[in-house]
Amino acid sequence: MTSTSKSNASLTILFLGDIIGKPGREVVKKYLQHLRQQSEAADGSGPAFPHFVVANVENAAHGFGVTKENLTELKEAGVNVFSGGNHTFDRKEIFSFISEEQYLLRPSNYPDGTPGRGYCLFEKDGFKLAVVNVMGRVFMEPLGSPFLVAQALAKEMKAQTPLVLVDMHAEATAEKVALGWYLDGEVTAVVGSHTHVQTADERLLHKGTAFITDAGCCGPTDGVIGMAQEGVFRRMVQQLPSRFEIAPGPAAACGVLITADAVSGQALSIERVRYVGINQ
């Protein structure tokens, strides 16, 4: 764990990487139940349940998009805010509910007029957490600048709360690292998502922003970033069209646990988490 000394007014934010299909949803539910049981330990020695839980859900519906039922399931498990990415609009039914879901985000650097919202403010027990979702442009869609959009929204949200978390959904590691340094000192955390592989570079940047290039994913561990091997081999080895299916087998929940000063908004620590669940 990378950390500095904690203040008396600290709280924790759990960010869970891309949730992949039913195995991902099930292992997230099991992990959050495990954390809740730890916090309710009879002897009081267990860690407190995270104050805020944020999860990327762009792959929650069988790997592509998210449904209203998925959101209800994850809300009941304890997830507070849901971020997205390039698969957010994969299922057409999302257009019937995305504008109604206050805490369901899509990248904020989509063009004006795109349904949904790219940031939100979640309040709990007198604390407010702002979450900003942006998407990278390297090897991805030609959207607005994630740097300028995230910076502008961070400044706007900091007028309401010192706690600001940015989900940078991007393919290129360099683009994610660059955004971390660009926003250092302006936000509590910049957490990368999208590539489904948890990186080992979690750290506190020089001005107090917590950063990791990719939080990883919540989903099958024996597939290819969550997808069954056979379909991936067909596409990559034989160069033939293939429909990807969720991989069978065990699943793990990956993410980061961030401790932050609730008054200054400065990150105090960031720790990778990985919880391995039972076979799905």
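Keep in mind it's a predicted model, so treat the numbers as computed, not measured.

**Examining the overall build of the protein chain**
Then, number 1: In terms of regular secondary structure, the protein chain is built from 5 helices and 14 strands.
Then, number 2: Taken over the C-alpha trace, the protein chain has a radius of gyration of 18 Å; the compact-globule value for 280 residues is 19 Å, and the two agree within 12%.
Then, number 3: Counting only C-alpha atoms, the protein chain reaches 55 × 50 × 35 Å along its principal axes.
Then, number 4: Summed over its atoms, the accessible surface of the protein chain is roughly 12200 Å², and 52% of this surface lies on carbon and sulfur atoms.
Then, number 5: Computed over 25 positive and 30 negative side-chain charges, the separation of the two mean positions in the protein chain equals 1 Å.

**Overview of the environment of Gly265**
Then, number 1: The residue Gly265 is located in the loop between strand 13 (250–261) and strand 14 (267–279) in this model.
Then, number 2: Assessed through its relative accessible area of 4%, Gly265 is described here as buried.
Then, number 3: Other than its neighbours up to four places away in sequence, Gly265 contacts Pro162, Leu163 and Thr188.

**Thoughts on the pairing of strand 7 (residues 127–135)**
Then, number 1: In terms of residue burial, strand 7 counts as a mostly covered element, since 7 of its 9 residues are buried.
Then, number 2: Pairing of strand 6 (residues 119–124) with strand 7, which is carried by 6 bridges, proceeds in the antiparallel orientation. The residue bridging Cys120 from the neighbouring strand is Val131, located in strand 7.
Then, number 3: Counting the residues that bridge the hairpin from strand 6 to strand 7 gives 2 residues, and of these Asp125 lies at a positive phi of roughly 55°.
Then, number 4: Handedness of the crossover joining strand 7 and strand 8 (residues 163–169) through helix 3 (residues 146–157) is recorded here as right-handed.

**Observations regarding the sheet that holds strand 6**
What holds strands together in a sheet is hydrogen bonding between their backbones, with the strands either parallel or antiparallel.
Then, number 1: Pairing is mixed across the open sheet formed by 6 strands, whose spatial order is 6-7-8-9-11-10. Strands at the two margins of the open sheet, each flanked by one partner only, are strand 6 and strand 10 (203–204).

**Notes on a nonpolar patch on the surface**
Then, number 1: A surface patch of nonpolar side chains, amounting to about 350 Å² of accessible area, comprises Phe233, Met236 and Val237.
Then, number 2: Looking at where Val237 falls in the secondary structure, it is placed in the loop between helix 5 (229–236) and strand 13.

**Some words on the packing of helix 1 (residues 21–39) against helix 2 (residues 68–77)**
Then, number 1: Between helix 1 and helix 2, whose axes approach to 9 Å, the crossing angle comes to 15°. The angle between helix 1 and helix 2 falls in the class roughly parallel. The two elements helix 1 and helix 2 cross, and the hand of that crossing is left-handed. Listed contacts from helix 2 to Arg25, Glu26, Val28, Lys29, Leu32 and Arg36 of helix 1 are Asn70, Glu73, Leu74 and Ala77.
Then, number 2: Split by residue class, the contact of helix 1 with helix 2 holds 4 nonpolar, 1 polar and 5 charged.

**A closer look at the pattern of salt bridges**
Then, number 1: Evaluated as defined, the whole model comprises 8 salt bridges.
Then, number 2: The partner of Arg25 in a salt bridge is Glu73, and the shortest N-O contact between them spans 2.8 Å. A residue pair is termed long-range when its members are at least 10 positions apart, and Arg25 in helix 1 and Glu73 in helix 2 qualify at 48 residues. This pair shows no difference in class: Arg25 is buried, exactly as Glu73 is.
Then, number 3: The partner of Glu101 in a salt bridge is Lys68, with the nearest N and O atoms 2.8 Å apart. Residue Glu101 is found in the loop between strand 5 (81–83) and strand 6, and its partner Lys68 is found in helix 2; the two are separated by 33 residues along the sequence.
Then, number 4: With a relative accessible area of 9%, Glu101 lands in the buried category.
Then, number 5: Here Lys68 falls in the partly exposed class, since its relative accessible area comes to 34%.
Then, number 6: One salt-bridge network, in which partners are shared between bridges, spans Arg25, Glu26, Lys29 and Glu73.

What counts and what doesn't
- Residues numbered from 1 in each chain as written.
- Predicted model: local features only at pLDDT ≥ 70, side-chain atom pairs only at ≥ 80, totals over all residues.
- Heavy atoms only, no water.
- Helix = DSSP H or I, 4+ residues; strand = E, 2+ residues; numbered from the N terminus.
- Rg over C-alpha atoms; globule rule 2.2 N^0.38 Å.
- Areas by Shrake-Rupley, 256 points an atom, 1.4 Å probe, with all protein chains shown as cover.
- Lys, Arg positive; Asp, Glu negative; His and termini not counted.
- Charge placed at Lys NZ, Arg CZ, Asp CG, Glu CD.
- Buried < 20%, exposed > 50% of the residue type's maximum accessible area, 1.4 Å probe, protein only.
- Contact = heavy atoms within 4.5 Å.
- Pairing = 2+ DSSP bridges.
- Right-handed = clockwise from strand over helix to strand, strands pointing away.
- Patch = residues over 30% accessible without salt bridge, like charges linked within 9 Å, V, L, I, M, F, W, Y side chains within 5 Å.
- Salt bridge = Lys/Arg side-chain N within 4 Å of Asp/Glu carboxyl O.
- Axes fitted to C-alpha atoms, helices over the stretch in contact; angles between N-to-C directions.
- Parallel < 35°, antiparallel > 145°, perpendicular 65-115°, else oblique.
- Left-handed = near helix turned anticlockwise from the far one by under 90°.
- Nonpolar A, V, L, I, M, F, W, Y, C, P; charged D, E, K, R; others polar.

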